[in-house]
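# A closer look at the structure
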Amino acid sequence: MNQKRTNPIIVVVLTLFSLACLIPFWLVFMISVADENWVTAHGYSFWPGKFSLVAYQYLIEDAEKILRAYGVSALVTVIGVVVSLFVTSAMAYALSRKEFPLRGALSFYILITMLFSGGLLPWYLVYTRFLHVQDTLLALIIPGLIGGFNVIIMRTFFTNSIPPSLIDSSQIDGAGEFRTYFSIILPLSLPVMATIGLFTTVSYWNDWFTSLVFIQNEKLFSLQYLLTKTLMNASFLQTIANKAYSSTAQVTTPLESIRMAMAMIAIGPLVLVFPFLQKYFVRGLTVGAVKG
Amino acid sequence: MASEKVFITQPGISQPNTKWRHFWKYRALIILAMPGILLMLINNYLPMFGIFLAFKDLNYTDGIWKSKWIGLDNFKFLFASNDAWLIIKNTLLYNISFLLINTILAVMLALLLNEVKNKFASKFFQSTVILPNFISMVIVGYIVYGFLNPELGFINKFILEPFGIDPKNWYAEAQHWPYILTIVNTWKNVGYAAVVYLAAIVGIDSEYYEAAVIDGASRWKQMTKITIPLIAPIIIIMTLLAIGRIFNADFGLFYQATMASGMIKETTEVIDTYVYSALMVTGDTGLASSAGLLQSVVGFTLVVTVNLIVRKFSRENALF
C-alpha cells in the first residue's frame, strides 16, 4: 500500500524461478522437434540447428498404441473421479451429521487408515490373490477411490458451510437422508467437489504405479505406464518405432525424438487445460491448508 | 441386525435394544457411508492384517495360510545383508534434506510472491512455480533423462564439454545422485509448498500491516516482525507432519528419475524401492514383507509421536 510497484529485484528473482520451472519442458519439446542426425552429432539442445517433425509422423503412423493408452487413462480417470467423489462425499456427509451415533467410531476407522499401512506386499496380495483384479481396469480404479484425507476435507466443508438448520428443516419437511444428501448437500458443495475432483483427476491421470504393479496386458497400459516403458526399455521404444518403419521413408529411426515426442503428447493436454484449472488448484491448496 | 427384529416384534418392552433402535433410525447414513467403509476395508484394513506375513516363509504353492511360521528369520536376513542399514540411512538422509531445503525455499518463495503487486504477474508466477507439481513423475523421468543422457544429454554436451570436462555416465555413477535427486525433488515440490504458505500469508489481517506502516516499519521489518511470526504455526505443523512421513520415500522420484538403474543403488535405494524390487523383481517376499513391516511400524510410531508434539503446540492442529 505504501508502494504500488513491485521491487524490481523481486521481479527478477521470480522470473528466474519461473524460467527454472518452464525451461525443462522446453528442452523436452525441442528434442521432440529436432532432426535426429543433428541430435546424434550435437546432443540435446535448447535450440537444435535443424528441425524435423518426423518423430510426430512416426507416432501418427503408429497411433493405435498411444490412442489406446489415452483411452485407458481417460476411462480410468473419468470412472475413478466420479465414483470417488460419490463415495467420499457420502461418507463425509454421514460423518458431518452430529447426531449420527457411529460418528466417533467412523472417524477412528478413517484415522487408522491415515496412520498405519500394511505395506506393499500384503496390499499386493489382497488385490491379486483375494480380489483377483490383476490385469483388469478395476485394479487401476479401486485403489484410488477413497482417501481418508479427502473425506476429512469434505467433512470439514460440510460442517462449516452447510448450516445444520437447513438439514433439519428439510427433514421436517419429510426428506429422508438420501434426499437431503442428493438435493441439498451435493448442489451446495460444488466448490469442494471441484477441488477434490481436480486433485483426484490429477492423481488418476498421473498414476503409473498401479499399472506397474498390476498390469501385464499391453492392451491395458495406461498412458503414463506406456511412457514409463518407453523411457526405461529401449527395445520397447524400438517396437513402437518399427511398426511405422515400413510406411515411412526414413533411413534412421529417430528414436530419441520419438521418445520425447511421446512425452510431449502426454504433457500437451495437461499444459493446455492447466491455466483454467490453476484457479481451483490454488484454492484447493488453501482448503487443505485450513486443516493440515 | 438380528436384534432389530426382536425389537420390532416386541414393542413396548424397554430393553437394551434401544441402542439398536438408535442405529436403525440412522440406517440411511450407515448405507451412505458403507461404500467408503468397504473400500477402506479392502484397501487399508485387509493389508494391515497381512503384516503377519513378515513372520512367515511365504510360499505360493502352499498358500498364504499354510506357509511355515519362521519367527524373526526374515528380519535376521534383512539386517544380516547390510541392506537394512543402507536403505534406512538413505531414506532418512534424503527426507531430512528435502524437508530442510523445501521448507526454507518455499517460505522465501511465498514471501517473494506476496510482494508482487501486479495481479496478472502474481497469477503468472504462481502458475509457473506450481506447474511441475502437476505433472507425473514419469514426465519428470523424461526431463531428467534429457539433461543427463550420457551420450546426448544437455549437461554433458553443452555444459561439461565446452569447459573441457569429461562427460559423465550419470546413470552409472552413484556419487552424483544425492544432489540430482535433491534438485529434482525441490523443482517438483517447492512451488506447491510455497502456494500453501502464500495462502497463509494472504490470510493475515491487514490491520497488522497498516499499524506497522503508521509506525514507520519498512517492508523488511514488516516481513520479519509480522509475516514470518504469524505464519510460523503453519510452518511448524507442515514440518512436523513431514517428520511423521520421514520413513516413507517418494517411490516415483527414486524409481523414475533414476530410471531404476541398478548401478547407483548405493545412493538411490530407499525403503520403498527396496520393497518394490524385493517383491516384483527378485520375488523375495521375505525381504519385502520384513522391510515393509519395519517401515509401517516406525512410520506409525513417528506419526503418533509427532502428533503428540503438534498437540503441545496447538491442539486444534493436531491430527487426532
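Residues numbered from 1 in each chain as written. Chains lettered and ligands numbered in written order. Predicted model: local features only at pLDDT ≥ 70, side-chain atom pairs only at ≥ 80, totals over all residues. Heavy atoms only, no water.

## Side note on the overall build of chain A
The helix and strand tally for chain A stands at 15 helices and zero strands. The C-alpha radius of gyration computed for chain A amounts to 24 Å, which surpasses the reference 19 Å derived for 292 residues by more than 25%, pointing to a less compact arrangement than a globule. By principal-axis analysis of the C-alpha atoms, chain A measures approximately 75 × 65 × 35 Å. Residues classed as buried in chain A amount to 52% of the 292 residues present. A sequence separation of at least 24 residues applies to 70% of the contacts in chain A between residues at least 6 apart. Across chain A, the centroid of the 18 positively charged side chains sits 9 Å from that of the 13 negatively charged ones. (Helix = DSSP H or I, 4+ residues; strand = E, 2+ residues; numbered from the N terminus. Rg over C-alpha atoms; globule rule 2.2 N^0.38 Å. Buried < 20%, exposed > 50% of the residue type's maximum accessible area, 1.4 Å probe, protein only. Contact = heavy atoms within 4.5 Å. Lys, Arg positive; Asp, Glu negative; His and termini not counted. Charge placed at Lys NZ, Arg CZ, Asp CG, Glu CD.)

## A few points about unusual backbone geometry
Positive phi, close to 60°, is recorded for A:Asp135, a residue that is not glycine. Tracing the sequence through the fold places A:Asp135 in the loop between helix H6 (120-130) and helix H7 (137-141). By relative accessible area, which is 27% here, A:Asp135 ends up partly exposed. A positive phi angle, near 75°, is found at B:Asn82, a position not held by glycine. Within the secondary structure, B:Asn82 is located in the loop between helix H5 (73-80) and helix H6 (83-115). Taking the relative accessible area as the measure of exposure, B:Asn82 reaches 53% and is therefore exposed.

## Let's talk about the environment of B:Lys157
Residue and element names in this part refer to chain B. Within the element layout of this structure, lysine 157 appears in helix H9 (residues 154-160). Since its relative accessible area comes to 18%, lysine 157 is described here as buried. Along the backbone, lysine 157 and tyrosine 276 are 119 residues apart, and their C-alpha atoms lie at a distance of 34 Å.

## Focus on the UniProt feature "transmembrane region" (unreviewed entry) in chain A
Residues and elements named next belong to chain A. Here the UniProt feature "transmembrane region" (unreviewed entry) sits at residues 9-34, 69-94, 106-125, 137-158, 178-205 and 258-277. Between the end C-alpha atoms of residues 69-94 there is a gap of 37 Å, over a span that is 100% helix and 0% strand. Here residues 137-158 runs as 73% helix and 0% strand, with 32 Å between its end C-alpha atoms. (UniProt positions renumbered as here; feature names shortened; annotations may be inferred.)

## Focus: a nonpolar patch on the surface
Residues and elements named next belong to chain A. A contiguous nonpolar patch, built from Leu75, Val78, Ile79, Val82 and Val83 and spanning about 400 Å² of accessible area, is present on the exposed surface. Here valine 83 lies in helix H4 (residues 63-96). On the basis of relative accessibility, which here comes to 33%, the residue valine 83 falls in the partly exposed class. (Patch = residues over 30% accessible without salt bridge, like charges linked within 9 Å, V, L, I, M, F, W, Y side chains within 5 Å. Areas by Shrake-Rupley, 256 points an atom, 1.4 Å probe, with all protein chains shown as cover. Salt bridge = Lys/Arg side-chain N within 4 Å of Asp/Glu carboxyl O.)

## Digging into the packing of aromatic side chains
The tally for this structure, following the rule as stated, stands at 40 aromatic pairs over all chains. Look at A:Tyr93 and A:Tyr181: their rings are 5.8 Å apart centre to centre, the planes differ by 35°, and that puts the pair in the tilted class. On the criterion of sequence distance, the pair formed by A:Tyr93 in helix H4 and A:Tyr181 in helix H10 (residues 177-188) is long-range, its members being 88 residues apart. Considering the side-chain rings of A:Tyr109 and B:Tyr45, the 4.5 Å spacing of their centres and the 15° angle between planes classify their relative orientation as stacked. Residue A:Tyr109 is located in helix H5 (residues 103-115), and its partner B:Tyr45 is located in helix H3 (residues 27-49); the two belong to separate chains. Note on A:Tyr109: relative accessible area 17%, which makes it buried. (Phe/Tyr/Trp six-rings, centres within 6.5 Å; stacked < 30°, edge-to-face > 60°.)

## Brief notes about the side chain of B:Gln295
All names here are of chain B. Mapped onto the fold, glutamine 295 is located in helix H16 (residues 285-313). By relative accessible area, glutamine 295 is classed as buried at 10%. Separated by 2.9 Å, the side chain of glutamine 295 and the backbone oxygen of phenylalanine 247 make a polar contact. Apart from residues no more than four positions distant in its own chain, glutamine 295 is found in contact with Phe247, Asn248, Ala249, Ile271 and Asp272. (Polar contact = N/O pair within 3.5 Å; in protein donor to acceptor, adjacent residues only side chain to side chain.)

## A look at the confidence of the model for chain B
Residue and element names in this part refer to chain B. This prediction gives chain B a mean pLDDT of 88; 94% of its residues lie at or above 70. When the criterion is pLDDT under 50, residues 1-12 qualifies, and its contacts beyond four places in sequence or with other chains add up to 11 contacts. Here the prediction assigns the complex a pTM of 0.89, and the interface score ipTM is 0.90. (pLDDT = per-residue confidence, 0-100.)

## What to know about the pattern of salt bridges
All names here are of chain A. Counted under the stated rule, the structure contains seven salt bridges over all chains. Between glutamate 256 and arginine 259 there is a salt bridge, and its shortest N-O distance comes to 4.0 Å. Within this pair, glutamate 256 and its partner arginine 259 are both found in helix H15 (residues 255-290), separated by three residues, close to a single helical turn. The class for arginine 259 is buried, based on a relative accessible area of 6%.

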